[in-house]
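Chain and residue survey
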Amino acid sequence: MSEESPQVRPIEAAERVGIGVIGCGTVGGALIAALLSRSTQIADRTGTQLDVRRVAVRDLHKARDVDVPRELLTDDAEELVADENVEVVVEVMGTIEPARSLIEAALKARKPVVTANKELMALAGASLAKIAKENDVDLLYEASVGGGIPLVRPLRESLAGERISRVVGILNGTTNYILTRMTEEGVEYKTALDEAQELGYAEADPTADVEGLDAAAKAAIIANLAFGASVVAQDVHPEGITSITAEDIDLAGRLGYTVKLVAIISRHDNGSAGVRVHPVMLPADHPLASVRLSFNAVFVEGEDVGELMFYGRGAGGAPTASAVLGDLIDAAHNLRHGGSGRLARPGNATLWPLEEQSSAFYLTLDVEDAAGVLAAVAQAFGEYEVSIRSMEQTGVRGEAHLVFVTHE
Ligand code: NAP
Ligand code: HSE
């Protein structure tokens, strides 16, 4: 070899990092399957070998889709966190307790944590981030919003210098799946919900999905990331899809609209943040109207960057595990090489009260089909300065069904 030849360096052995995973359900199962089958490829690509050392579950005897070696399994998650062979903890068990205590214990033991738990992050994200900071370790939660869509990292890092004015998105895969099936195939609500549960999109208790609480938690997390607002899920106005009827969907279609459950996170001129979740009728040619099934999509509007759109699978084991895996690789790399992904947007934006925000509305009224009734309704709208954009009346046997669409 001449002196000019490039130096050939031996490929360094990948650095091994011990992983403990709490939860082996829809997301945990998909993550562990990926880690067990692709750890060599991941090591080749990233230089970090992720070794699954412990997996905590509730029921040791449950049949699982993924073949977890028996000796890795435990039903004692505290023991997993304390295990000295576990260097990074992944929490994919869900709910508040004991998830919160387990994450706190891991962070205090200076173990980085990766979580998909939006319910917890929307409630206690700020206090957990504080503990992570005090202990100089990562707390990463990409999978908590938008399933497999990279959204938390872009908002926190790529857009750190951007003044964001509005984020509008479809943030819940279950409800988007249900609405798509009802709209396109006329499937009954209950059947569509059963399908969403079967496909692994819904939360263990799907009430959180269909009542808008899951989307509200994600909206709170986005408000914190985008505006530095100290918003918790309970601050968000949630309205779900349980009262939407096949008739509403049909009528919206006839008027040229598609019904979607949407989260709107917006900045008022005075700096306060409005955060709300409710069904909307979107014009059929609106980009969010074509987001189907379990897909999520999020529009971000920034002063300099203009409009951005993020789109992808918002729920389901494999897409969500993909986001967890990305965080895991990052946390493991930071653990070995120093540094962390703890950029946070400073700020203490207050809440923009819902009563002060405005919107066009869709209303239905069942009234007596008699002279003067419509005039009385119109008078009430007039008294409260509500301007009607369109009105439709249908009726049977003395009853009238009135549908109004108002201006903003
Ligand atoms: P899941 O299918 O219900 O799985 C939960 C897992 O946690 C199960 O394996 C369960 O054990 C285990 N577990 C529960 N309590 C435990 C305890 N005390 N100790 C040890 N293990 C315990 O839930 P998932 O759908 O995977 O969701 C997990 C998390 O990811 C939640 O925070 C959820 O909101 C979030 N997430 C889910 C999705 C999705 O599409 N599913 C998407 C984004 C984020 P057993 O199996 O023995 O019962
Ligand atoms: N249940 C949630 C949804 C999972 O349907 O969007 C993803 O967070």
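Our structure's up above, just so we're on the same page.
Scope of this entry: the structure provided in the associated data block. Just so it is clear, the model here is predicted, and its values are computed rather than measured.

Criteria and cut-off values
- Residues numbered from 1 in each chain as written.
- Chains lettered and ligands numbered in written order.
- Predicted model: local features only at pLDDT ≥ 70, side-chain atom pairs only at ≥ 80, totals over all residues.
- Heavy atoms only, no water.
- Buried < 20%, exposed > 50% of the residue type's maximum accessible area, 1.4 Å probe, protein only.
- Helix = DSSP H or I, 4+ residues; strand = E, 2+ residues; numbered from the N terminus.
- Pairing = 2+ DSSP bridges.
- Expected span 1.5 Å × (residues − 1).
- Bend = angle between axes of the 7 residues up to and from the residue.
- Contact = heavy atoms within 4.5 Å.
- Near = heavy atom within 4 Å.
- Polar contact = N/O pair within 3.5 Å; in protein donor to acceptor, adjacent residues only side chain to side chain.
- Areas by Shrake-Rupley, 256 points an atom, 1.4 Å probe, with all protein chains shown as cover.
- Nonpolar A, V, L, I, M, F, W, Y, C, P; charged D, E, K, R; others polar.
- Axes fitted to C-alpha atoms, helices over the stretch in contact; angles between N-to-C directions.
- Parallel < 35°, antiparallel > 145°, perpendicular 65-115°, else oblique.
- Left-handed = near helix turned anticlockwise from the far one by under 90°.
- Core = buried A, V, L, I, M, F, W, Y, C linked by side-chain atoms within 4.5 Å.
- 1 Å grid on protein atoms, 1.4 Å probe; cavity = no way out; pocket = protein on both sides within 12 Å on 5 of 7 lines; lining within 4 Å.
- Points joined across faces, edges and corners; volume = space filled by probe spheres on them.

**Regarding the pairing of strand β15 (residues 399–406)**
For β15, the tally of buried residues reaches seven of eight residues, placing the bulk of the element in the interior. Note that strand β13 (residues 362–368) and β15 share seven bridges and pair antiparallel. Bridging from a neighbouring strand, Leu365 pairs with Leu402 of β15. In terms of strand pairing, strand β14 (residues 388–396) meets β15 through eight bridges, oriented antiparallel.

**Re helix α1 (residues 26–46)**
Its 21 residues give α1 an end-to-end C-alpha distance of only 25 Å, which falls more than 12% under 30 Å, the value for a rise of 1.5 Å per residue. The sharpest bend along α1 measures roughly 75 degrees and falls at Arg38. Among the residues making up α1, those that are buried are Val27, Gly28, Gly29, Leu31, Ile32, Ala34, Leu35, Ser39, Ile42 and Ala43. On the buried face of α1, the contacting elements are β1 (15–22), β2 (48–56), β4 (88–91) and α11 (317–337). Immediately downstream of α1, the backbone of Gly47 shows phi near 80 degrees, a positive value.

**A few points about the site of ligand 1**
Near ligand 1, the surroundings consist of 24 residues, among which Asp59, Arg64, Lys118, Glu203 and Gly316 are the closest. Between ligand 1 and Gly200, the relevant distance is 3.2 Å, taken from a nitrogen atom to a main-chain nitrogen or oxygen of the residue. With respect to ligand 1, the backbone of Gly316 contributes an N or O atom lying 2.7 Å from an oxygen atom. Notes on ligand 1: free accessible area 900 Å², of which the protein chains cover 87%. By residue class, the composition of the shell around ligand 1 is ten nonpolar, eight polar and six charged.

**A look at the packing of helix α4 (residues 118–134) against helix α9 (residues 213–227)**
Relative orientation of the contacting elements α4 and α9 amounts to 45 degrees, with a least axis distance of 8 Å. Taken together, the axes of α4 and α9 lie oblique to each other. You can see that α4 and α9 cross each other, and the crossing is left-handed. Only Asp214, Ala217, Lys218, Ala220 and Ile221 of α9 make contact with α4, whose side of the interface consists of Lys118, Glu119, Met121 and Ala122. In terms of residue class, the contact of α4 with α9 is built from five nonpolar, no polar and four charged.

**Side note on the environment of Leu282**
With respect to the helices, strands and loops of the structure, Leu282 is situated in strand β10 (residues 273–283). Accessibility expressed as a relative area gives 9% for Leu282, which makes it buried. Sequence-wise, Leu282 and Leu335 are 53 residues apart; in three dimensions their C-alpha atoms are separated by 45 Å. Filtering out sequence-adjacent residues up to four positions away, Leu282 remains in contact with Gly256, Tyr257, Thr258, Lys260, Leu288 and Ala289.

**Description of the packing of helix α6 (residues 173–185) against helix α7 (residues 189–198)**
Closest axis-to-axis distance for the α6/α7 pair is 9 Å, and the angle between their directions is 135 degrees. By the angle between their axes, α6 is oblique relative to α7. As for the relative orientation of α6 and α7, their crossing is right-handed in sense. From α6, Thr174, Tyr177, Ile178, Arg181 and Met182 reach across to α7, where they touch Tyr189, Ala192, Leu193, Glu195 and Ala196. Here the residues of the contact of α6 with α7 sort into seven nonpolar, one polar and two charged.

**Side note on the site of ligand 2**
Close to ligand 2 lie Lys118, Asn172, Gly173, Thr174, Tyr201, Ala202, Glu203, Asp209, Asp214, Lys218, Gly314 and Ala315. One of the backbone nitrogen or oxygen atoms of Gly173 is found 2.7 Å away from an oxygen atom of ligand 2. Considered on its own, ligand 2 offers 250 Å² of accessible surface; in the complex 94% of this is hidden by protein. Counting only elements with at least two residues in the shell around ligand 2, the list comes to α6 and α9. Of the residues in the shell around ligand 2, the class split is three nonpolar, four polar and five charged.

**A short note on the side chain of His401**
Its location among the elements puts His401 in strand β15. Within the structure, His401 has its side chain in polar contact with the side chain of Glu247 (distance 2.8 Å). Looking at His401, its side chain comes within polar contact range of the side chain of Asp366, at 2.6 Å. Residues within four places of His401 in sequence aside, it is in contact with Glu247, Thr364, Leu365, Asp366, Glu392, Gln393, Thr394 and Gly395.

**Quick word on the sheet that holds β14**
Pairing is antiparallel in the open sheet, where three strands are placed in the order β13-β15-β14. Of all strands in the sheet, those bounded by a partner on one side alone are β13 and β14. Geometrically, the sheet is characterised by an average inter-axis angle of 20 degrees between neighbouring strands, direction not taken into account. Of the strands in this sheet, β13, β14 and β15 touch helix α12 (residues 373–383), which is tilted by about 25 degrees from β15.

**Concerning the nonpolar core**
Counting 70 residues, the largest nonpolar core has Leu155, Ile222 and Ile265 as its most contacted members. When residues in this core are grouped by element, the largest group, eleven residues, is from α9. Counting residues in hydrophobic clusters, the runner-up holds 32 residues, among them Leu35, Leu72, Val88 and Val92.

**Observations concerning the layout of surface pockets**
In this structure, the second largest pocket spans a volume of roughly 1,300 Å³. His278, Pro279, Val280, Ser359 and Ala360 are, among the 38 residues lining the second largest pocket, the residues nearest its centre. Counting residues per element, the ones that place at least two in the lining of the second largest pocket are β7 (164–170), α10 (246–254), β9 (257–267), β10 and β11 (295–302). Residue contributions to the lining of the second largest pocket peak at seven residues, all from β10. Along the lines of polarity and charge, the residues of the lining of the second largest pocket split into 20 nonpolar, nine polar and nine charged.

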